[in-house]
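So you can see what is in the structure, the chains are spelled out below.
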Amino acid sequence: MSLRLSGIRARIGGVPVLHAVDLEIRNGKVTALLGRNGAGKTTTLRTVLGLTELDAGEITCEGRDLSRLPTWRRAREGLFYVPEDGGVFQDLSVQENLKLSARMPIAQAIEPFEELGPLLGRRAALLSGGERKILALARAYASRSEWLLIDEPSLGLAPTVLRRLAGAIQLLRGRAAMLIVEQNLGFAQSVADDYVLLLDGRTVDRGPIDTLRQSSQFDAAMHFGQSEGGSSQ
Amino acid sequence: MILNVLLSGLSLAAFYFILSAGLSLVFGIMGVLNFASAGYFVAGLYAAWFGLGHGWGILPAFIFAAVVGGVLALLVEVSLLRPLYGNVGGQILTTLGVMLILDEAVNWVFGPQIQQEQMTGLLSQTVMFGGMPFPVFRLLLIAVGVLIFLLLALALRYTGLGLRVRAGVDSQTLAELAGVRVAPLRSIVYALGGMLAGLAGALYGPFSGVYPSAGLDTLLLTFIVVVVGGLGSIPGTLAASLVIGLAEALVGFFVPSLALTVNVLVMILVLLLRPQGLLGKPPGRRDTHAA
Ligand SMILES: Nc1ncnc2c1ncn2[C@@H]1O[C@H](COP(=O)(O)OP(=O)(O)OP(=O)(O)O)[C@@H](O)[C@H]1O
Ligand SMILES: [Mg+2]
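This write-up is about the structure you can find in this document.

1. Regarding the environment of W108 of chain B
Residues and elements named next belong to chain B.
- By the secondary structure assignment, W108 is in helix 4 (residues 88-110).
- A relative accessible area of 76% places W108 in the exposed class.
- Along the primary structure W108 and P212 are separated by 104 residues, whereas in three dimensions their C-alpha atoms are 9.2 Å apart.

As structure tokens, then:
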């Protein structure tokens, strides 16, 4: 059970952004996609969902090529993308947000997310940042999606909320493969099994998360001003 | 007396609502100001006139008007607008072209003269209100307006299709990410907009007679209602219709010389105080996830 990106190239507005992205995520595992600002992490996730057009390469899900399918078909194939802002429908209630993606009764969907119970009737625009992230993960859970791609879940959250979020991610890992973009290395190390390093649109290294700091590419990929190309900023 | 004026205002409001609800929904899900709506309006007007002229009852004639508007809109959406998806400018020009072609076609087939027979007769039946005769047709108009608002509001809130449409109005991209296929939703909403415009055309006939540029004559008004209400919002369209309809009736009664400009005044006032319209969403909150 794996989702594999191989030789992904993509451009935005004619400018090449991804040059060679290769990675694989497996069921039950959390993979952290790491790299500094502008490396192409968000673009990688969007390309997997078909929101950014693929120039070359393949996106295969258990051997089947997804790269020609429209976004809504990829979603139905079990790909669930949580953008940085949570990607919830602002004008819909919490309950309606869940209902749109749910493949289980709402009562069951919010069992692990009991803080959403009293909020079901509230318009999502009125949620706090943390509540919105929890709602986003609850939608992912309710959808029974097998492939979760989550962009910077920790962004802007207080430490207690972070622990809550880490718990939710642990819950989801049992039934899905996850690719998580993170800037917060501590958080990434607490939830991920593996890392993939992205540098200027290329995946340059991967390995078990506890060997991250030994990677020969770690400094180049994570800090500014040390890449040889240096053209992405 | 004042009851009469209020009822007139409500019937105007009902007409404005039916006229504008489709346009507002279409804008919500397609981002397109749909000029062709004026074409479906004229088509519905002539369809109802045709039906009544052939001895049909008012109900079949007006349903026929809605069907004609809806079928035309569906054909236009599938054949002309869908291939232009993502090109909003092209779509707007296309709807403008469709409006001009439909107006011209009606002019060519039926001639430019105003046809009064059949339609204006519908206003002759009256009931007494506060000692004044009031056209039954206006009461009917209010009832139809209320019915359509309830149907739209309930369908949008409580059906799965309504939920998907609202999701698509909120954000196309997020809807697709949730596995919703947005293209057929656009066709359905656009056809519904055509039906409402066609019905509005039929409802307009008794007041104005039947003539080719009727759609153009009401187009500006529709835009005013939709802008005042907030693009894409059905409750907003209702609120705007009520404000404008009642203002027009009251001002028309007390200061007849201002009757025709009151809607523009309302629009200027609302836009100054609330640029997004009465119930519209604030600007800058549109689809942030789009490609
Ligand atoms: N809409 C756009 N138009 C032009 N260039 C863009 C656009 N979106 C992103 N880019 C560029 O593509 C590159 C990769 O962007 P991306 O958002 O994928 O980076 P990221 O790794 O997610 O960064 P961050 O950590 O800041 O979120 C950047 O150089 C960025 O400037
Ligand atoms: Mg990013």
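2. Some words on the interface of chain A and chain B
- With 21 residues of chain A at the contact, the number on the chain B side is 22 residues.
- Taking both partners together, chain A and chain B bury about 1800 Å²; carbon and sulfur atoms supply 62% of that area.
- Considering only the side of chain A, the residues that lose the most area to chain B are W72, F89 and L100 of chain A, jointly responsible for 31% of the buried surface there.
- Across the chain A-chain B interface, the total number found is two salt bridges.

3. Focus: the site of ligand 1
Residue and element names in this part refer to chain A.
- Contacts to ligand 1 come from 14 residues, most closely from G38, K41, T42, T43 and Q183.
- Side-chain polar atom of T42 to an oxygen atom of ligand 1: 2.7 Å apart, as the coordinates give it.
- Side-chain polar atom of Q183 to an oxygen atom of ligand 1: 2.6 Å apart, as the coordinates give it.
- If ligand 1 stood free it would expose 630 Å²; the protein chains cover 59% of that surface.
- By residue number, the principal contributor to the shell around ligand 1 is helix 1 (residues 41-49), which donates three residues.

Rules used in this analysis
- Residues numbered from 1 in each chain as written.
- Chains lettered and ligands numbered in written order.
- Predicted model: local features only at pLDDT ≥ 70, side-chain atom pairs only at ≥ 80, totals over all residues.
- Heavy atoms only, no water.
- Helix = DSSP H or I, 4+ residues; strand = E, 2+ residues; numbered from the N terminus.
- Buried < 20%, exposed > 50% of the residue type's maximum accessible area, 1.4 Å probe, protein only.
- Contact = heavy atoms within 4.5 Å.
- Buried area = accessible area lost by both parts, 1.4 Å probe.
- Salt bridge = Lys/Arg side-chain N within 4 Å of Asp/Glu carboxyl O.
- Near = heavy atom within 4 Å.
- Polar contact = N/O pair within 3.5 Å; in protein donor to acceptor, adjacent residues only side chain to side chain.
- Areas by Shrake-Rupley, 256 points an atom, 1.4 Å probe, with all protein chains shown as cover.

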